[in-house]
Amino acid sequence: MPSDTSLHQDFDRTLWQGRTDHEPGSERWHQKIQPLAEGGTPGCALLGFACDAGVARNQGRVGAADGPAALRRALAPLAWHRQGPAYDAGDVRCEGDAMEVAQQALADRLAPLLGEGHLPIVLGGGHEVAYASWSGLAQHLAANGETAPRVGIVNLDAHFDLRDPRHVRSSGTPFAQIAEDCAQRGWPFRYACLGVSRAANTRALFNRADELGVMVREDRDITAPRLTDIEQDLADFLRDCDHLYLTIDLDVLPAAEAPGVSAPAARGVALALIEPLIESIRDSGKLRLADLAELNPGRDIDGRTARAAARLVHLLTLND
């Protein structure tokens, strides 16, 4: 379906505020971020997805529609270490329950960003953002004439999000929808889910992951003594991919580090263990697109989750 351009909101400078130091080399994100303009030098492009209709459909704690603004505020005062530019491409907003319309609008915004050579980083929003992100990337790859690209999807998440979409499409179904889309296109479905909680995923979901050939590493597997093995497993996965899409559901982090999410994790995987995995993906040369999902500012404590999310955006953009 065609997207609705009225759902897009432009760059909001009021979200980008922070301390200003006057010595050379002391810039921060709020001083360097630029509104997206056509024909600009390729850089990282932040695009908000202000939607939690999928969370509501999935019977979760709503509030993630406010996530993009909170993440920008948390990112604004962080120190600037990039060489290339960073752009704010505004937000795509979901009206009411019109999740599918918002997803299409986001996909239609992402495809040209990819075509212009930017690295889009989508700020969610519920994890229904994943199907929108995938759709934008698939649209871009198909327009470039790629007939069967090996797109590796790496999801850092306590949940598979492989629920059956025939019942209701929600924040719990995006990767099942992507698997269906791959099958229709004749593309391989390559999915790695790292940080899965066995307590939070039914046997049916583990069975579906097995049927789809998903690379699974549970939260209890990702520990400091086993991190080298996990990194090698991830490297093996990345090696067989042409392109990478990274999606981070903030509920992969322990509730003490990320209380402001739809479904806080009783155990989770510590930020210190997540970061090396993200660095491997970032430095692979294959990353085309990333998103962060489920930041729920109304449930956050002392801005912990927003700050963790901002640190991850900062980390993702350090190699340029």
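Everything here concerns the structure above.
Predicted, not measured: the structure shown is a model, and the values here were computed from it.

1. Observations concerning the overall build of the protein chain
- The helix and strand inventory of the protein chain stands at 10 helices and 10 strands.
- For the protein chain, the C-alpha radius of gyration of 18 Å lies close to 20 Å, the compact-globule estimate for 320 residues.
- The principal-axis extent of the C-alpha atoms belonging to the protein chain is close to 55 × 45 × 40 Å.
- Each of the 320 residues in the protein chain was classed as buried or not, and the buried ones make up 56%.
- Considering only contacts in the protein chain between residues 6 or more positions apart, those separated by 24 or more positions represent 78%.

2. Some remarks on the side chain of Glu 218
- In this fold, Glu 218 is placed in strand β8 (residues 215–218).
- Within the structure, Glu 218 has its side chain in polar contact with the side chain of Arg 198 (distance 2.7 Å).
- There is a polar contact of 3.2 Å between the side chain of Glu 218 and the side chain of Arg 220.

3. A look at the packing of helix α4 (residues 99–115) against helix α5 (residues 129–143)
- At a closest axis distance of 7 Å, the pairing of α4 and α5 adopts a crossing angle of 40 degrees. As far as their axial angle goes, α5 and α4 are oblique. Relative to α5, α4 is oriented so that their crossing is right-handed. On α5, the residues touching Gln 103, Gln 104, Leu 106, Ala 107, Asp 108, Leu 110, Ala 111, Leu 114 and Gly 115 of α4 are Val 129, Tyr 131, Ala 132, Ser 133, Ser 135, Gly 136, Leu 137, Gln 139 and His 140.

4. Quick notes on the nonpolar core
- In terms of nonpolar packing, the biggest core is built from 55 residues, with Trp 29, Leu 46, Val 154, Leu 156, Leu 246, Leu 250 and Ile 278 touching the most fellow members.
- What Leu 246 contacts, discounting residues up to four positions off in sequence, is Val 154, Leu 156, Ile 278, Ile 281, Leu 287, Leu 289, Ala 290, Asp 291 and Leu 316.
- Ranked by size, the runner-up nonpolar core spans 46 residues in total, among them Ile 153, Tyr 191, Cys 193 and Val 196.

5. Things to note about helix α10 (residues 304–316)
- The end-to-end C-alpha distance of α10, which contains 13 residues, comes to 19 Å, matching closely the 18 Å that a straight helix rising 1.5 Å per residue would cover.
- Burial within α10 is extensive, with 10 of its 13 residues counted as buried.
- Listed as buried for α10 are Thr 305, Ala 306, Ala 308, Ala 309, Ala 310, Leu 312, Val 313, His 314, Leu 315 and Leu 316.

6. Observations concerning the environment of Gln 9
- Mapped onto the elements, Gln 9 comes out in strand β1 (residues 8–9).
- What makes Gln 9 partly exposed here is its relative accessible area of 41%.
- Separated by 295 residues in sequence, Gln 9 and Arg 304 have C-alpha atoms that sit 26 Å apart.
- Other than its neighbours up to four places away in sequence, Gln 9 contacts Ala 89, Gly 90, Asp 91 and Arg 93.

7. A word on the packing of aromatic side chains
- Under the counting rule described, the total for this entry stands at five aromatic pairs.
- Pairing Trp 29 with Trp 80 gives two aromatic rings, centres 5.1 Å apart and planes at 70 degrees, and the pair type is edge-to-face. Separated by 51 residues along the polypeptide, Trp 29 in helix α1 (residues 29–32) and Trp 80 in the loop between α3 (67–75) and β4 (86–93) bring together distant segments of the chain.
- Its relative accessible area of 10% is what places Trp 80 among the buried residues.
- Measuring from centroid to centroid gives 5.7 Å for Phe 189 and Tyr 191, while their planes differ by 45 degrees, and the two rings are tilted.

Conventions and cut-offs
Residues numbered from 1 in each chain as written. Predicted model: local features only at pLDDT ≥ 70, side-chain atom pairs only at ≥ 80, totals over all residues. Heavy atoms only, no water. Helix = DSSP H or I, 4+ residues; strand = E, 2+ residues; numbered from the N terminus. Rg over C-alpha atoms; globule rule 2.2 N^0.38 Å. Buried < 20%, exposed > 50% of the residue type's maximum accessible area, 1.4 Å probe, protein only. Contact = heavy atoms within 4.5 Å. Polar contact = N/O pair within 3.5 Å; in protein donor to acceptor, adjacent residues only side chain to side chain. Axes fitted to C-alpha atoms, helices over the stretch in contact; angles between N-to-C directions. Parallel < 35°, antiparallel > 145°, perpendicular 65-115°, else oblique. Left-handed = near helix turned anticlockwise from the far one by under 90°. Core = buried A, V, L, I, M, F, W, Y, C linked by side-chain atoms within 4.5 Å. Expected span 1.5 Å × (residues − 1). Phe/Tyr/Trp six-rings, centres within 6.5 Å; stacked < 30°, edge-to-face > 60°.

Distances and angles like these do not, on their own, reveal function.
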